[in-house]
Amino acid sequence: MTAGLLTDERLILSNVPRLADIQTMSLLLEQHGIVVEPLSDDGRILSLGGTIRNSEAPYDIVRKMRASVLVLGPLLARAGETRVSLPGGCAIGTRPIDLHLKGLEQMGARFDLDAGYIDGKTTGRLRGANIVFPFVSVGATENLLMAAVLADGRTVLANAAREPEVADLATCLVAMGARIEGIGSDTLVIEGVQRLHGAEHTIIPDRIETGSYACAAAISGGSVFLRGARQDHLGATVRVLREAGVEILEEADGLLVKRLNGLHGADVMTEPYPGFPTDMQAQYMALMSVAEGASMVTETIFENRFMHVPELNRMGARINVHGASAIVRGVSSLSGAPVMATDLRASLSLILAGLAAHGETIVNRVYHLDRGYEAVEQKLALCGADIERIPG
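Everything numeric here is computed off the predicted structure, so don't read it as measured data. (Residues numbered from 1 in each chain as written. Predicted model: local features only at pLDDT ≥ 70, side-chain atom pairs only at ≥ 80, totals over all residues. Heavy atoms only, no water.)

## Quick word on the confidence of the model for the protein
And step 1. Per-residue confidence for the protein averages 94 on the pLDDT scale, and 98% of its residues sit at or above 70.
And step 2. Counted against residues more than four places away or in other chains, residues 89-94, with its pLDDT under 50, gives 22 contacts. (pLDDT = per-residue confidence, 0-100. Contact = heavy atoms within 4.5 Å.)

Printed below as a string of structure tokens:
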């Protein structure tokens, strides 16, 4: 969606999910002058277009979603200046944006921090640069990629993120007239162009949603067909789930997921793609809480992402945290309890635990859920779950 800032022409996106974050991003883009309008009754096709009239991304919008910082690169590339509030989002760690700023500085941008805002300016167009990321960052890769497509000269992004979402963005930019080589690899080479044009692009299916529903089938002993899911996007998630006793069969238009005989513990460490994603860690931990034997879950991406552990333990799980690792000793059954969601993925992990628990589980603070899962209670109910959203 932020790529829509890179052209005055229309960018038409299809297979758009209906999420709170989409609404937040739409508000932010409209603040900048981009008109976002649905082209289908279900809202799955969006048209974005317009002229940048305002380069400020205000706190009231940016605080709701960390991805708002992705307007930084496009605004600098198109408008030559920007004022973006420091970002918010789920409270799972500090997640500094210094890689974004340092990379853009190498391309000729200058920044000042003022009252919680990042003020950025360029003198003329951004310049191509050789940028080596000290560690893999999806957001920084995306921001600098969008900035580089309109920069003068060649930009090389080394140690770039390889997530399918990054490749999908690059594919969209190419459809808009960008010149990008190395899509899907850890080195992206971008030859800047004078302008981009409109395009049509279909968004890839959500691999984290795929993995989450695969865990739902596994923890409940069910069998679920995930229409449109792509195994080639799942990376280590498929391998780890198969090690744990989950069968994943690739079919023509999706994946069939079911539990084999029983679940058994399998260790996992979160890593950048194609490693096991940090966004699947909480869901996998819920699954391991009812597996035979013990498993160790090590978190290497975010330092504060075990906040779901006390809530799972309230339901009878046996999980002990030691620094960046959690030892999960599987139990025969969980018990329903009132629990509190602390972030987006933790919300889903507690729902998964509730599916496997005896009795009733009430998950509070589910407003996190709607940021990344569309109609989760309706989808699970259609698969046989006894689940409902309580207004309040």
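Moving on, there is more to tell.
## Describing the sheet that holds strand β10 (residues 179-181)
And step 1. Strand order across the open sheet formed by four strands is β8-β9-β11-β10, with mixed pairing between neighbours. If you trace the sheet from one side to the other, it starts and ends with β8 (130-132) and β10, each paired once. Recorded for the sheet is a direction-independent mean angle of 15 degrees between the axes of neighbouring strands.
And step 2. Relative to strand β9 (residues 154-158), β8 runs parallel, the two being bridged by three bridges. Residue pairing across strands places Ile131 opposite Leu157, the latter belonging to β9. (Pairing = 2+ DSSP bridges. Helix = DSSP H or I, 4+ residues; strand = E, 2+ residues; numbered from the N terminus. Axes fitted to C-alpha atoms, helices over the stretch in contact; angles between N-to-C directions.)

## Side note on helix α5 (residues 138-148)
Residues that lie three or four places apart on an α-helix share one face, since the helix turns once every 3.6 residues.
And step 1. Among the 11 residues that make up α5, nine are buried, leaving the element largely enclosed by the rest of the structure.
And step 2. Within the span of α5, buried status applies to Ala140, Thr141, Glu142, Asn143, Leu144, Leu145, Met146, Ala147 and Ala148.
And step 3. Capping the start of α5, Ser137 holds a side-chain oxygen 3.1 Å from the backbone nitrogen of Ala140, two or three residues further along. (Buried < 20%, exposed > 50% of the residue type's maximum accessible area, 1.4 Å probe, protein only. Polar contact = N/O pair within 3.5 Å; in protein donor to acceptor, adjacent residues only side chain to side chain.)

## A short note on the pattern of salt bridges
And step 1. On inspection of all chains with the given rule, the structure shows 23 salt bridges.
And step 2. Among the ionic pairs, Asp119 bridges to Arg83, the shortest N-O distance being 2.8 Å. Placement of Asp119 in strand β7 (residues 117-121) and of Arg83 in strand β5 (residues 81-85) is noted, with a sequence separation of 36 residues between them.
And step 3. Owing to a relative accessible area of 22%, Asp119 belongs among the partly exposed residues under this scheme.
And step 4. Arg305 is the salt-bridge partner of Asp279, the closest N and O atoms lying 2.7 Å from each other. Of the two residues, Asp279 is situated in the loop between β16 (268-269) and α9 (281-288) and Arg305 in the loop between β17 (294-298) and α10 (309-314); the sequence distance between them amounts to 26 residues. (Salt bridge = Lys/Arg side-chain N within 4 Å of Asp/Glu carboxyl O.)

## Quick look at the sheet that holds strand β19 (residues 325-329)
And step 1. The four strands are arranged β16-β17-β19-β18 in an open sheet whose pairing can be described as mixed. Looking at strand neighbours, the two that pair on one side only are β16 and β18 (318-322), the edges of this open sheet.
And step 2. Relative to β19, β17 runs antiparallel, the two being bridged by five bridges. Bridging across to β19, Val297 finds its partner in Ala326.
And step 3. Along the sheet, α9 makes contact with β16, β17, β18 and β19, crossing β17 at roughly 170 degrees.

## A word on the side chain of Arg305
And step 1. Overall, Arg305 belongs to the buried group, its relative accessible area being 6%.
And step 2. Reaching out from Arg305, the side chain makes a polar contact with the side chain of Thr278 at a distance of 3.0 Å.
And step 3. Reaching out from Arg305, the side chain makes a polar contact with the side chain of Asp279 at a distance of 2.7 Å.

## Observations concerning the environment of Met307
And step 1. Relative to the helices and strands, Met307 resides in the loop between β17 and α10.
And step 2. In this structure, the C-alpha to C-alpha distance between Met307 and Leu29, residues 278 residues apart in sequence, is 32 Å.

## A look at the layout of surface pockets
Gaps between atoms show up when a probe of the same size as a water molecule is rolled over them.
And step 1. For the second largest pocket, the calculated volume is near 770 Å³.
And step 2. Lining the second largest pocket we find 24 residues, and of these Thr361, Ile362, Val363, Ile387 and Glu388 sit closest to its centre.
And step 3. Contributing elements (two or more residues each) for the lining of the second largest pocket: α11 (344-356), β23 (362-364) and α12 (376-382).
And step 4. The greatest single-element share of the lining of the second largest pocket, amounting to four residues, is contributed by α11. (1 Å grid on protein atoms, 1.4 Å probe; cavity = no way out; pocket = protein on both sides within 12 Å on 5 of 7 lines; lining within 4 Å. Points joined across faces, edges and corners; volume = space filled by probe spheres on them.)

## As for the nonpolar core
And step 1. Counting residues in each nonpolar core, the largest one holds 65 residues, and the members touching the most others are Met107 and Leu173.
And step 2. Among the elements that line this core, the one with the most residues is α5, at six residues.
And step 3. Those residues in contact with Leu173 that lie beyond four places of it in its chain are Ala3, Leu6, Leu145, Met146, Val149, Ala178, Ile180 and Leu196. (Core = buried A, V, L, I, M, F, W, Y, C linked by side-chain atoms within 4.5 Å.)

## Considerations on the packing of aromatic side chains
And step 1. Here the structure, examined in full by the defined rule, presents one aromatic pair.
And step 2. Positioned above the aromatic ring of Tyr117, the side-chain terminus of Arg83 is 4.3 Å from the ring centre. (Phe/Tyr/Trp six-rings, centres within 6.5 Å; stacked < 30°, edge-to-face > 60°. Lys NZ or Arg CZ within 6 Å of the ring centre and 35° of its normal.)

## As for the packing of α5 against helix α6 (residues 164-175)
And step 1. Viewed as axis vectors pointing N to C, α5 and α6 meet at an angle of 10 degrees, and their least axial separation amounts to 10 Å. By the angle class used here, α5 and α6 are roughly parallel. Two secondary-structure elements touch here, α5 through Val138, Thr141, Glu142, Leu145 and Met146 and α6 through Glu165, Val166, Leu169, Ala170 and Leu173.
And step 2. Of the residues contributing to the contact of α5 with α6, the split by class is seven nonpolar, one polar and two charged. (Parallel < 35°, antiparallel > 145°, perpendicular 65-115°, else oblique. Nonpolar A, V, L, I, M, F, W, Y, C, P; charged D, E, K, R; others polar.)

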